[in-house]
Amino acid sequence: MTTDKPAARTLKLKPGAASKPPSDPFAPRRAPVRPPGPARAKSVSASAPKPPRQPAPVHSASRAEPPRPPRAPAPTPRPSQPLRPDLARVGNVRGEVRLNKRMADLGLCSRREADEWIARGWVKVNGQPAVMGQPVPPDAQVEVAPQARHQQSGQVTILLHKPVGYVSGQPEDGHEAAATLIGAPSQWRGDARMPADGRRFLPEHTRNLAPAGRLDIDSTGLLVLTQDGRVARTLIGENSGVEKEYLVRVHFAPNGPQGAGLVAQDVQAVFPARQLALLRHGLSLDGQALRPAQVDWQNPEQLRFVLTEGKKRQIRRMCEQVGLHVVGLKRIRIGRVLLGNLPVGQWRFLGADERF
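The structure presented is a predicted model; accordingly, all values stated were derived computationally and were not measured.

Colleague: Go over the overall build of the protein, please, and point to the residues and values.
Modeller: Looking only at helices and strands, one finds eight helices and 16 strands in the protein. For the protein, buried positions account for 33% of its 356 residues. Across the protein, contacts joining residues at least 24 apart in sequence account for 65% of those joining residues at least 6 apart.

Colleague: Just give me the short version of the pairing of strand S12 (residues 294-299), but keep the residues and values in it.
Modeller: For a regular strand, the rule is simple: side chains alternate between the two faces of the sheet. Sheet topology places S12 next to strand S13 (residues 302-307); five bridges connect them, and they run antiparallel. By the bridge assignment for S13, glutamine 294 is matched with valine 306. In this structure, the hairpin formed by S12 and S13 is closed by a connection of two residues.

Colleague: Got a sec to walk through helix H7 (residues 273-280)? Specific residues and values, please.
Modeller: An α-helix turns once every 3.6 residues. As a result, residues three or four positions apart point the same way. Those residues of H7 not exposed but buried are Gln275, Leu276 and Leu279. End-on, the buried residues of H7 take up no more than an arc of 105 degrees, which puts them together on one face. What points out from H7, more than 90 degrees from its buried face, is the exposed set Ala273 and Arg274. Structurally, H7 contributes buried residues whose contacts are with S12, S13, helix H8 (314-321) and strand S14 (324-334). Directly beyond the C-terminal end of H7, a positive phi value near 130 degrees is found at glycine 282.

Colleague: Just give me the short version of the pattern of salt bridges, but keep the residues and values in it.
Modeller: All told, the structure shown has 13 salt bridges when counted by the stated rule. A salt bridge links glutamate 116 to arginine 120; its shortest N-O distance comes to 3.3 Å. Relative accessible area serves as the criterion here: at 48%, arginine 120 is assigned to the partly exposed category. In this structure, arginine 348 and glutamate 354 form a salt bridge, with 3.0 Å as the shortest nitrogen-oxygen distance. Each of Glu243, Glu245, Arg280, Asp296, Arg304 and Arg333 takes part in one network of salt bridges that share partners.

Colleague: So what's going on with the packing of aromatic side chains? Residues and values would help.
Modeller: A full pass over the atoms with the stated rule returns four aromatic pairs. Seen in terms of ring centroids, tryptophan 347 and phenylalanine 349 are 5.1 Å apart; in terms of plane orientation they differ by 85 degrees. Their pairing is edge-to-face. With a relative accessible area of 0%, tryptophan 347 lands in the buried category. What makes phenylalanine 349 buried here is its relative accessible area of 3%.

Colleague: Can you lay out the pairing of strand S9 (residues 244-252) for me, pointing to particular residues and giving the numbers?
Modeller: For S9, the tally of buried residues reaches seven of nine residues, placing the bulk of the element in the interior. Inspection of the sheet shows S9 paired to S13 by six bridges, in the antiparallel sense. Paired with valine 248 across the two strands is leucine 303, which belongs to S13. With nine bridges joining them, S9 and S14 adopt antiparallel strand pairing. Across the sheet, residue valine 248 finds its bridge partner in S14, namely leucine 329.

Colleague: Run through the sheet that holds strand S2 (residues 123-125), naming residues and quoting values.
Modeller: In spatial order, the strands read S3-S2-S5; together these three strands make up an open sheet with antiparallel pairing. Taken across any chain shown, the strands that pair with only one partner, and hence form the sheet edges, are strand S3 (128-129) and strand S5 (142-144). Here two bridges tie S2 to S3, and the two strands are oriented antiparallel to one another. Following the sheet pairing, valine 125 is matched in S3 by glutamine 128.

Colleague: Give a description of the side chain of histidine 161 that names residues and reports values.
Modeller: Its place among the elements puts histidine 161 in strand S6 (residues 157-162). Polar contacts involving the side chain of histidine 161 include one to the side chain of threonine 220, which spans 3.5 Å. Beyond its immediate sequence surroundings of up to four residues, histidine 161 is in contact with Thr220, Gly221, Lys330, Leu339, Leu342, Pro343, Val344, Gly345 and Gln346.

The rules behind the values
Sequence positions are assigned chain by chain, starting from 1 and proceeding in written order. Whole-chain, interface and lining totals are the exception, using all residues; otherwise, since this is a predicted model, local features are given only for residues with pLDDT of at least 70 and side-chain atom pairs are given and counted only at 80 or more. Derived side-chain values reflect all non-hydrogen atoms in the structure, with water molecules and hydrogen atoms excluded from consideration. Working definition: helices are DSSP H or I runs of at least four residues, strands are E runs of at least two. Numbering for both runs from the N terminus. Accessibility here uses a 1.4 Å probe with only protein chains present; expressed as a share of the type maximum, an area under 20% marks a residue as buried, one over 50% as exposed, and anything in between as partly exposed. In this analysis, two residues are considered to be in contact whenever any of their non-hydrogen atoms come within 4.5 Å of each other. Note: two strands are recorded as paired if DSSP finds a minimum of 2 bridges between them. Taken from the helix axis, the directions to the C-beta atoms give the arc we talk about. The working definition used for a salt bridge is a side-chain nitrogen of Lys or Arg within 4 Å of a carboxyl oxygen of Asp or Glu. What counts as a ring pair is set by centres within 6.5 Å for rings of Phe, Tyr and Trp (its six-membered ring), and what kind of pair is set by the plane angle: stacked under 30 degrees, edge-to-face over 60, tilted for all other angles. Any pair of nitrogen or oxygen atoms within 3.5 Å is treated as a polar contact; in protein, a donor-acceptor pairing is required on top of that, and neighbouring residues in sequence qualify only through side-chain atoms on both sides.

Shown next, in the form of structure tokens:
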């Protein structure tokens, strides 16, 4: 008799799969792997350090969320600020303006000087120290410390007979500034022997010396350089109406200085009267109408201009519009101050009794 034995079962494994070892019920259970987070303080152990654990691979389906950024600390309360003037109120219905402008309007100093004095604590408004940018009403009482007056009294104003070839302001195109002519060797002898106010030239007189008005490189005559903001405001302020007188030698050039019909002698005889009237009033420069000017013939080849404004190359551009070509220009007066017999390239102090 034949006994049938049960067929041996064959365990089929998936290709590449590793056999799972039998679980040990007494083995310690491993803690679940936690996602990385903020560092924690670790307890000190006397045993040997354990090797770092390798994090278990994370499948895409169960990818851990990125760690949250730490919460920002609460903002520190800002310290209380000192009370400042309400700058937004400047120009309101009370007629308030900035303090530096009010000081300039009162003729105390220039705006730049006012800011410097305020910063140094030399200015009070209604008995209180002034603040930069402070708005003040029309009836405010402005006081200036003696230190400011003393500093201002040492400022000088210089009258220079500028030669052709020098620029009024900063050096440009290889041409020197007119201020480089100011020095002891070029001081007019009559002024050096007997200065109007007993003042002697010092090197500090050239510091912060700025031209109060322009005179182009091809022109000569009276140029004012000053350290005093009051003088600068008088001559070139936005509301300045100080007269400036010029002698201008011209050619009649209806087709340009190189064109046909140029007349160099007895220009007055051929120049139309209606064009002379336009020079006096009716021309515009840079899209703005010019103020009325005094323009008359000084001799058949020379005109006399008296202007109350000073646009760049104004006289030359005015003459071009009416068919004249300027061949020489000299400024002989600013306000009540005359060039006089001051030689070309020399200078003198503005006298104590002179006013523009």
